[in-house]
Amino acid sequence: MAEKIKLSNVLASEQLPAHQARGVIEERLRSAILDGRLPPGTAVRQQEIADLYGVSRMPVREALRQLEAQSLLKVEMHKGAVVAPLIGEDAVDTYALRVLLESEALRQSIPLLDADDIANARGYIQQLENETSHAEIGRLNRLFHMALYSKASNQKLLRLIENELNEEERFLRFHLSSMGLGKLTQDDHNALVDAAADKLVDEAIRVLEQHLNNGSRVIRNYLDKQLGR
Ligand code: NI
C-alpha cells in the first residue's frame, strides 16, 4: 500500500533553477501530501527528490525540514522522512489544545484587526458557502481561521496554530464527505467574524470554543464508528 507509492509516479520531473529549488520542492510535496496523492506512511527520500528535480540534496533537505516543522512529515528511525499520520486517537487532546492556543490568538489579534482583515475573513466564508470540493473546504477553513488570528503578536503561537490547522486540513480532505460537518460550522464562522468585527473578544472566544468542541465531537463519533465501537 503506502510503501508501493513511488514519488516519481506522483511528482512530475522538472528541472528547477537552484535558487527556486527549496521553495518549489516544498510546495510540490506539500500539495501532494495535503490532497492525498502521498498518503501517510509514504517514504520521502532526499536522493529520489534531488534526482527528480535535478538539484543537489541541500535544498531538498531544507524543504523536508520545513514540511516536518508543519507536521506534514515526520522522521522515523531507519526509514527517514515519511508522510505523517492524520489526526487520530488523540483528536480530543488536539482540539483541547487548539482551544487554548486559538483563544490566546484571538485575544491578541482581535483588538488589532482592521476592516480589510474582517472583509478578508468574510470572503473565505463566502467561498466556503459555494465550495463543494473537500480539498478546498479544508484549505478555506484554515485560511478563514488564520485571517482572524493574523494580527497576534506572538509569531511562535501562530506557527503552532498553523501546524494544527494543517493537520486538520489533511484529515478533512480524507474524511469530510463521510462526516457531515456541514452548515453547522458556517453558523459558527459567521458568529465568530461578527464578534471579531465588534471587538467582542470574550464572545469570539466563546464561539470558537463551541466551534472546536463541535468539530472534536463529530470527529470522535466518526472515528468510533470507523473502529466499530
Ligand atoms: Ni472552522
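Here, every reference points to the structure presented above.
So, here is what we can say about the structure in this document. (Residues numbered from 1 in each chain as written. Predicted model: local features only at pLDDT ≥ 70, side-chain atom pairs only at ≥ 80, totals over all residues. Heavy atoms only, no water.)

Turning our attention to the overall build of the chain. A tally of helices and strands in the chain yields 10 helices and 2 strands. On C-alpha atoms alone, the chain measures out to a radius of gyration of 19 Å, which is about the 17 Å that the 2.2 N^0.38 rule sets for 229 residues. Oriented by its inertia axes, the alpha-carbon framework of the chain measures out at about 55 × 45 × 35 Å. Residues counted as buried form 48% of the 229 residues belonging to the chain. Relative to all contacts within the chain whose residues are 6 or more apart in sequence, the contacts with residues 24 or more apart total 74%. When the accessible surface of the chain is split by element, carbon and sulfur atoms take 51% of a total near 11,600 Å². Separation between the mean location of the 29 positive side-chain charges and that of the 34 negative ones in the chain comes to 5 Å. (Helix = DSSP H or I, 4+ residues; strand = E, 2+ residues; numbered from the N terminus. Rg over C-alpha atoms; globule rule 2.2 N^0.38 Å. Buried < 20%, exposed > 50% of the residue type's maximum accessible area, 1.4 Å probe, protein only. Contact = heavy atoms within 4.5 Å. Areas by Shrake-Rupley, 256 points an atom, 1.4 Å probe, with all protein chains shown as cover. Lys, Arg positive; Asp, Glu negative; His and termini not counted. Charge placed at Lys NZ, Arg CZ, Asp CG, Glu CD.)

This part takes up the pattern of salt bridges. Working definition: two side chains of opposite charge can pair if their charged atoms are close together. Per the counting criterion, the structure on display carries 14 salt bridges. Here glutamate 102 and arginine 98 are joined by a salt bridge, their closest N and O atoms 2.6 Å apart. Taken together, the residues glutamate 102 and arginine 98, both in helix H5 (residues 91–109) and 4 residues apart, mark about one turn of the helix. According to the relative accessible area criterion, arginine 98 is buried, its value standing at 2%. (Salt bridge = Lys/Arg side-chain N within 4 Å of Asp/Glu carboxyl O.)

Before going further, it helps to spend a moment on the coordination of the nickel ion. Only Asn141 (OD1), His145 (NE2), His189 (NE2) and His211 (NE2) from the protein coordinate the nickel ion, and they sit 2.2 Å from it. Classification of the site at the nickel ion rests on its 4 donor atoms, whose angles at the metal span 87 to 167°, yielding the label irregular. Here the donor residues for the nickel ion map to a single chain with the spacing N-x3-H-x43-H-x21-H. With histidine 145 in helix H7 (residues 134–149) and histidine 189 in helix H9 (residues 182–197), this pair connects stretches of sequence that are 44 residues apart. (Donors = N, O, S within 2.8 Å, 3.2 Å for Na, K, Ca; no water. Tetrahedral: all angles 85-135°; square planar, octahedral: opposite > 155°, others 65-115°.)

One finds Leu106, Phe144, Leu148, Tyr149, Ile161 and Leu192 to be the most contacted residues of the largest nonpolar core, which totals 40 residues. For this core, the secondary-structure elements that each account for two or more residues are H5, helix H6 (115–130), H7, helix H8 (155–179), H9 and helix H10 (201–226). Top contributing element to this core by residue count: H10, with 9 residues. Sequence-distant contacts of isoleucine 161, defined by excluding residues within four places in its chain, comprise Leu101, Glu102, Ala105, Met146 and Tyr149. By size, the runner-up hydrophobic cluster in this structure holds 26 residues, among which are Leu7, Leu34, Leu67 and Ala81. (Core = buried A, V, L, I, M, F, W, Y, C linked by side-chain atoms within 4.5 Å.)

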